[in-house]
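Given next are the chains, with one letter for each unit.
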Amino acid sequence: MLDQKLIRENPKSVEEILSSRGKLFNIANIHELTIKKKELDIEISGLQSESKKLSKLIGQEISKYKNNNSLEINNLKKKGNEYRSKISEFEEKQRILDKQINNEISNLPNFPSNEAPIGKNESNNIQLKTWGDPLIANDLKSHWEIGEKLNLFESTKSTRISRSRFITLIGNGARLERALINFMLDMHTKNGYVELMLPALVNSESLKGSGQLPKFANESFKCSNDDLWLSPTAEVPLTSFHRNEIIDPKQLPIKYVAYSPCFRREAGSYGRDTKGLIRLHQFNKVELYWFCDPSKSLEAHKKITSDAESILKKLNLPYRLVDICTGDLGFSSSRTFDLEVWLPSSKCYREISSCSNCLDFQARRSSIRTKIDNKNRYLHTLNGSGLAIGRTMAAILENGQQKDGSVIIPDALVPYFGSNSIKTA
RNA sequence: GGAGAGGUGGCUGAGUGGUCGAAAGCGAACGAUUCGAAAUCGUUUAAUAGGUUACUAUUCGUGGGUUCGAAUCCCACCCUCUCCGCCA
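Residues numbered from 1 in each chain as written. Chains lettered and ligands numbered in written order. Predicted model: local features only at pLDDT ≥ 70, side-chain atom pairs only at ≥ 80, totals over all residues. Heavy atoms only, no water.

**A short note on the protein's contact with RNA strand B**
- Neighbouring RNA strand B are 21 residues, the closest being Lys38, Gln48, Ser55, Arg84 and Arg95.
- The sugar-phosphate share of atoms of RNA strand B within 4 Å of the protein amounts to 68%.
- Between RNA strand B and the protein, one listed contact pairs a phosphate oxygen with a side-chain N or O atom of arginine 369 at 2.9 Å.
- One of the side-chain N or O atoms of asparagine 376 is found 3.4 Å from a sugar or linking oxygen in RNA strand B.
- Take the surface near RNA strand B: its biggest share by element is 11 residues, from helix H3 (residues 28-65).
- Classifying every residue of the surface near RNA strand B gives two nonpolar, 10 polar and nine charged. (Near = heavy atom within 4 Å. Polar contact = N/O pair within 3.5 Å; in protein donor to acceptor, adjacent residues only side chain to side chain. Helix = DSSP H or I, 4+ residues; strand = E, 2+ residues; numbered from the N terminus. Nonpolar A, V, L, I, M, F, W, Y, C, P; charged D, E, K, R; others polar.)

Right, here's the structure in full:
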C-alpha cells in the first residue's frame, strides 16, 4: 500500500515512479478523491467539535438545575439534533469515499527501486552472475522421464484424486522431498532463522496484508463458506504473524524460516509446463522472511538472497542470479533478485527462488510498525524462497542423472536422504 | 453442534448514559540517589488523521442504530475462553 498523503500531495511523482513498471499509471481519479476526503474530514471535524461542546453544555446545565426537561434545555437538545442529522449525512459520504479510496490504492503496486534495471518484461532482466558448470549433453533426460523410470512420482492417478497439476510422490520421491525440506530447515535455523509452522488456510485480511488481494483473487483457491483461502505462499501467514503490532526495535531484525505447502490456481498458464514438477497447484516451499529496520533493508536483501543461494551451493546445483527489471517486478516488491537453477533437459535456467524487498509496502497494508526515535514507523519486510522444493527435486534429478539411469544424490543431502543414489529397482 | 462467560492502552485490569481516551498495578523511558548497579523516590508513557505550533477529530472486537451526549443501551456479525458432545 502506498502512502495516501503522498498521493494527495505529490500525484505527479507517484505516477512517474509507478510508470517505470513499464505501463502508464493514471492516478488523477484517486488524487481527486483524496482531496475531497480531506475537505470532508475538515468539515466533519468542525461540526463534531461544535456538537461535542453543546453536549457538554447540556450535561452541565442538567446537573446544575437537576432538571432535564426545561424549555431552555429542550431548545439546546433541538439544536443538537440538527447537528446530529447534518453530521450523519456527511459521515455517510465519508464512509463511501473512504471505501473507494482504500480500494483504489490497494490496487496500486509498490514503487520499484531506482536501482532496479528499467525494462518492460522478463527479457530485460539482468543476469548478475552464474555459479557452477551447467551440464550440457545431448542424451539427457527430463526429470519427469527420470521420475517415471525410477517410480518417484506420478500424475495420472493424481488427477483422479484431485485434478490436473496435482502430483503424488512415491517411495524415494516422497523421501527425497522430505529430505530436502529437513535439509533446508536445518541449514537456515543454524544460520539464525527461527522456524515457524503456520496455518495453511488464511483469511482475506492476511491476503490483503501481503498484497495478493484485492487484485489477484483469481490466483488463490478460496473456501467460500468461511472467508478462508489456501495460502499461495508462506509469505502470507508470515506477514500476518505480526499484523497490527508495534515491534520493539531491539528485536529487529526478526528472521523466520517456514516450510509450507503452497496452493496456486495458475490461472492463465494452461499448456505451460504441463509435465513434471515445475508448475503444480500444490507444491512445497521453504520460505525465508525478515522484518527489519527501514534503514537496513538494502543490506538485508543481499543477505536473504545469499542465504537462499547457500542452499544451491550446498546441493552443488548450477544457477544464476538475476536482477528483475521494473516491468517484471511482483506487485508488492520494489526490488527482486531471482535465483534460477540449471535444468539440463530444457537447456535453460529456471526460477527456483525469488528474493524481494517490499520496503514498507506490506507493513503499511498490515500495520506492522516499530519505534524509531520514539515514533511509530512502518518497518520493512523481505521474503525469499529458500527454496521451492519441487523444483529443487527436478534440478537434482536432472543434474544428477547417470548413464545407467540412476541419480546421484548431492553429498550434503545424503544424511537426510539416507543413500547416495537412487537406482532402478 | 449444545450451554455459558467474555473481548478496554505494550501487558494485567477497573469502569453500566454526561467533564472518560479511560482508575490502579505491571512494564518501559527519563531524572534524582550511587564510583557504578540493585533497591528507593520523582516525572513521563495509547494509536490514527489533519495542522508549523496551539489545537481539532476519531478509535474501548467489527459494522449499524437509539440519544443533545455511548466503553456503558439496542441490533447484526467476528473472535476468544470454559463445560458437554464429536474427533486426528
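**A closer look at the packing of helix H7 (residues 172-190) against helix H12 (residues 389-399)**
- Contact pair H7 / H12: the axes reach a minimum separation of 10 Å and the direction vectors enclose 115°. Between H7 and H12, the angle falls in the class roughly perpendicular. Considering how the two elements wind past one another, H7 and H12 form a crossing that is right-handed. Packed against H7, whose contacting residues are Gly173, Leu176, Glu177, Leu180, Ile181 and Met184, the element H12 presents Ile389, Gly390, Thr392, Met393, Ile396 and Leu397 at the interface. (Axes fitted to C-alpha atoms, helices over the stretch in contact; angles between N-to-C directions. Parallel < 35°, antiparallel > 145°, perpendicular 65-115°, else oblique. Left-handed = near helix turned anticlockwise from the far one by under 90°. Contact = heavy atoms within 4.5 Å.)

**Observations concerning the sheet that holds strand E15 (residues 375-378)**
- The strand order across the open sheet built from three strands is E8-E14-E15, with neighbouring strands paired in mixed fashion. Of all strands in the sheet, those with a lone pairing partner are strand E8 (245-247) and E15, marking the two edges. Direction aside, neighbouring strands of the sheet carry axes that sit 40° apart on average. (Pairing = 2+ DSSP bridges.)

**What to know about H3**
- Across its 38 residues, H3 extends 56 Å between first and last C-alpha, which sits within 8% of the 56 Å expected from 1.5 Å per residue.
- Within H3, burial applies to Ile30, Leu33, Thr34, Lys37, Leu40, Ile44, Leu47, Ser51, Leu54, Ile58 and Glu61.
- Where H3 is buried, its residues touch helix H1 (4-9) and helix H4 (71-106). (Expected span 1.5 Å × (residues − 1). Buried < 20%, exposed > 50% of the residue type's maximum accessible area, 1.4 Å probe, protein only.)

**Points about the nonpolar core**
- Core analysis: the largest hydrophobic core is formed by 49 residues, its most contacted members being Leu176, Leu180 and Leu413.
- With eight residues, H7 is the single largest residue contributor to this core.
- One finds Leu2, Ile27, Ile58 and Leu76 within the second-largest nonpolar core, a separate group that totals 25 residues. (Core = buried A, V, L, I, M, F, W, Y, C linked by side-chain atoms within 4.5 Å.)

**With respect to the sheet that holds strand E13 (residues 348-357)**
- Reading across the sheet, the eight strands line up as E1-E11-E12-E13-E16-E10-E9-E4 and stay open at both edges, with mixed pairing between neighbours. Where the open sheet ends on each side, the last strands, each with one partner, are strand E1 (126-131) and strand E4 (194-196). Each strand axis lies, on average, 25° off the axis of its neighbour in the sheet, ignoring direction.
- Looking at chain direction, E1 and strand E11 (residues 319-323) are connected through five bridges and run antiparallel. Residue isoleucine 126 lies in a different strand from E11, and its bridge partner there is aspartate 323.

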